[in-house]
Amino acid sequence: MASQLLAYILVNTPYSEYVIEEVADTNVPAMKLYKKMGFTVYREKPLTPKQAAKAGINRFITLKRKKPQPGSY
């Protein structure tokens, strides 16, 4: 369901660039989906050791995807 929804958004919206903010590094299913859909890591935001211990994650990852220009390969 998530891949169908994301594919619909990517095809049916006018944006040339898409950003997914702050995915937890431990959210493996989401990361696999986003990478499969063409997103790449744009930046990483590490948590302090105290925050990481409390949250159970080490960093937040931001991903980006550019829509191909017509006629480009």
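Only a predicted model underlies this, so the values are computations on that prediction, with no experimental measurement involved.

**Student:** What am I meant to see in the overall build of the chain here?
**Tutor:** Along the chain, the regular secondary structure elements total 3 helices and 3 strands. Relative to the globule expectation of 11 Å for 73 residues, the C-alpha radius of gyration of the chain, 14 Å, shows a markedly less compact shape. By its C-alpha atoms, the chain is 50 × 25 × 20 Å across when sized along the principal axes. Counting all 73 residues of the chain, 29% fall into the buried class. For the chain, the exposed area adds up to about 5600 Å²; of that, 58% sits on carbon and sulfur atoms. The averaged location of the 5 negative side-chain charges in the chain is 4 Å from the averaged location of its 12 positive side-chain charges.

**Student:** I tried to follow the packing of aromatic side chains on my own but got confused; where do I start?
**Tutor:** Given two aromatic rings, their pairing is described by the distance between the two centres and the angle made by the two planes. Per the stated rule, a full pass over the model turns up 2 aromatic pairs. An angle of 65° between the planes, with centres 5.9 Å apart, marks the rings of Tyr 34 and Phe 39 as edge-to-face. Taken as a pair, Tyr 34 and Phe 39 share a single burial class, namely buried.

**Student:** Any chance you could explain the nonpolar core here in plain terms?
**Tutor:** Core analysis: the largest hydrophobic core is formed by 13 residues, its most contacted members being Leu 6, Val 23, Tyr 34, Phe 39 and Leu 63. Elements supplying a minimum of two residues to this core: α1 (2-12), β1 (17-24), α2 (28-36) and β3 (59-66). Among the elements that line this core, the one with the most residues is α2, at 4 residues. For Tyr 34, the residues in contact, after removing those within four places along its chain, are Leu 6, Ile 20, Val 23, Phe 39 and Leu 63.

**Student:** Which parts of the structure should I look at to understand α2?
**Tutor:** The α-helix advances 3.6 residues per turn, and as a result positions three or four apart in sequence lie on the same side. Looking only at α2, the buried set comprises Ala 30, Met 31, Leu 33 and Tyr 34. Seen end-on, α2 carries its buried residues on one side only, within an arc spanning 160°. Relative to its buried face, α2 has exposed residues pointing more than 90 degrees away, namely Pro 29, Lys 32 and Lys 36. For α2, the elements touching its buried residues are α1, β1 and β3.

Cut-offs and rules
- Residues numbered from 1 in each chain as written.
- Predicted model: local features only at pLDDT ≥ 70, side-chain atom pairs only at ≥ 80, totals over all residues.
- Heavy atoms only, no water.
- Helix = DSSP H or I, 4+ residues; strand = E, 2+ residues; numbered from the N terminus.
- Rg over C-alpha atoms; globule rule 2.2 N^0.38 Å.
- Buried < 20%, exposed > 50% of the residue type's maximum accessible area, 1.4 Å probe, protein only.
- Areas by Shrake-Rupley, 256 points an atom, 1.4 Å probe, with all protein chains shown as cover.
- Lys, Arg positive; Asp, Glu negative; His and termini not counted.
- Charge placed at Lys NZ, Arg CZ, Asp CG, Glu CD.
- Phe/Tyr/Trp six-rings, centres within 6.5 Å; stacked < 30°, edge-to-face > 60°.
- Core = buried A, V, L, I, M, F, W, Y, C linked by side-chain atoms within 4.5 Å.
- Contact = heavy atoms within 4.5 Å.
- Arc of directions from axis to C-beta.

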